[in-house]
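Spelled out from the first residue to the last, the chains are:
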Amino acid sequence: MIAPTADVDARASIAATARVWHLAQVREGAVVGENCVVGRGAYIDAGVKIGANCKIQNHALVYAPAVLEDGVFVGPAVVLTNDTYPRAINADGTLKSATDWHPRGVIVRRGASIGARAVVLGGVEIGEWALVAAGAVVTRDVPPYGLVVGSPARRLGWVGRSGRRLEPHAGDLVDPVDGSRYREDDGRLVPL
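Residues numbered from 1 in each chain as written. Predicted model: local features only at pLDDT ≥ 70, side-chain atom pairs only at ≥ 80, totals over all residues. Heavy atoms only, no water.

Participant: So what exactly am I meant to see when it comes to the overall build of the chain here?
Facilitator: Secondary structure assignment for the chain yields zero helices and 25 strands. A compact globule built from 192 residues would reach a C-alpha radius of gyration of about 16 Å, and the chain, at 18 Å, matches this within 12%. The C-alpha extent of the chain, read off along each of the three principal axes, is 60 × 45 × 20 Å. Each of the 192 residues in the chain was classed as buried or not, and the buried ones make up 41%. Relative to all contacts within the chain whose residues are 6 or more apart in sequence, the contacts with residues 24 or more apart total 16%. Of the accessible surface of the chain, which amounts to about 9,900 Å², a share of 53% is contributed by carbon and sulfur atoms. (Helix = DSSP H or I, 4+ residues; strand = E, 2+ residues; numbered from the N terminus. Rg over C-alpha atoms; globule rule 2.2 N^0.38 Å. Buried < 20%, exposed > 50% of the residue type's maximum accessible area, 1.4 Å probe, protein only. Contact = heavy atoms within 4.5 Å. Areas by Shrake-Rupley, 256 points an atom, 1.4 Å probe, with all protein chains shown as cover.)

Here it is in structure tokens:
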């Protein structure tokens, strides 16, 4: 389903089960996977790759060359940037062209979630099942299952696949929803 007011380039690949809502823009060469939802006013740049079962909420901006694996949630008004050193002009004052910069995309691994109005800088990788809190500014990689908050974002703890913060229990960390157990090892979270 593609809303009549959506702007979807004919060279984009939209899965038959995906939904693209009003005023969203999906550029040439973008791939939107099975069962994805692209919210109202969202922007999917040229060549962006979005896996299956993803939700891109209203007014999110996903700039190339971003890659979102399966099951990723991108909250309302999130921005995934792509320019490490943004400038409109070169040092000599001439307008920058496409050949004057090298885009660095954000990679969001399977099952990760990015909260409303968060900003993720180009070149950052969000690990699988990680959770970026609303309003965070992510300037460096987030480990799998990591919970990051603030500006600049810092790891506050760990989350399970349910998205809930893990609770300590008998030397392990436990997901309060499904009971799955994890152990922290040298700054990483290891599922048991």
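Anyway, onward from the coordinates.
Participant: So what exactly am I meant to see when it comes to the environment of Ala16 here?
Facilitator: Here Ala16 is to be found in the loop between strand E2 (13-14) and strand E3 (19-20). A relative accessible area of 75% places Ala16 in the exposed class. Between the C-alpha atom of Ala16 and that of Arg183, which follows or precedes it by 167 residues, the distance is 40 Å. Residues within four places of Ala16 in sequence aside, it is in contact with Met1 and Glu34.

Participant: Help me understand the pattern of salt bridges, please; the structure alone is not making it clear to me.
Facilitator: Should their charged atoms come close, side chains of opposite charge can pair. Under the defined criterion, the tally for this structure stands at nine salt bridges. Here Glu28 ties to Arg27 by a salt bridge, and the two come within 2.9 Å at their closest N and O atoms. In this structure Arg27 comes out as partly exposed when scored by relative accessible area, which is 26%. We note a salt bridge from Asp172 to Arg181, for which the minimum N-O separation is 3.2 Å. When its relative accessible area of 9% is taken as the criterion, Asp172 is described as buried. We classify Arg181 as partly exposed; its relative accessible area is 29%. Residues participating in the shared-partner salt-bridge network are Arg27, Glu28 and Asp45. (Salt bridge = Lys/Arg side-chain N within 4 Å of Asp/Glu carboxyl O.)

Participant: Whenever I open this one, the pairing of strand E25 (residues 188-191) confuses me. Can you help?
Facilitator: Two faces make up the sheet, and in a regular strand the side chains alternate between them. Here four bridges tie strand E24 (residues 181-185) to E25, and the two strands are oriented antiparallel to one another. Paired with Glu184 across the two strands is Leu189, which belongs to E25. Turn length for the E24-E25 hairpin, with the two strands adjacent in sequence and antiparallel, is two residues, and the turn residue Asp186 shows positive phi of about 55°. (Pairing = 2+ DSSP bridges.)

Participant: In this structure, what is going on with the sheet that holds strand E14 (residues 107-108)? I would like to understand it.
Facilitator: Sheet strands pair by backbone hydrogen bonding; their relative direction is either parallel or antiparallel. The strand order across the open sheet formed by six strands is E2-E5-E8-E11-E14-E17, and the pairing between neighbours is parallel. The two strands at the open ends of the sheet, each matched to only one other strand, are E2 and strand E17 (125-126). Sheet topology note: the strand E8 (residues 49-50)/strand E11 (residues 67-68) ladder contains two bridges and is parallel. Following the sheet pairing, Ile50 is matched in E11 by Leu68.

Participant: Whenever I open this one, the environment of Leu189 confuses me. Can you help?
Facilitator: Relative to the helices and strands, Leu189 resides in strand E25. In sequence terms Leu189 and Pro143 are 46 residues apart; their C-alpha atoms lie 8.3 Å from each other. Every residue in contact with Leu189, bar those within four places of it in the chain, is listed here: Pro144, Tyr145, Trp158, Val159, Leu166, Leu173, Tyr182, Arg183 and Glu184.

Participant: Looking at this model, I keep getting lost on the pairing of strand E20 (residues 146-149). Mind explaining?
Facilitator: Residues of E20 alternate between two faces, with Gly146 and Val148 on one and Leu147 and Val149 on the opposite face, all of them buried. Strand direction decides the pairing type here: strand E18 (residues 131-132) and E20, joined by two bridges, are parallel. Across the sheet, residue Leu131 finds its bridge partner in E20, namely Leu147. Pairing analysis gives four bridges linking E20 to strand E21 (residues 154-158), with the strands arranged antiparallel. Residue pairing in the sheet places Gly146 in a bridge with Trp158 of E21. Hairpin remark: E20 followed by E21, antiparallel, with four residues in the connecting loop; positive phi at Gly150, about 90°.

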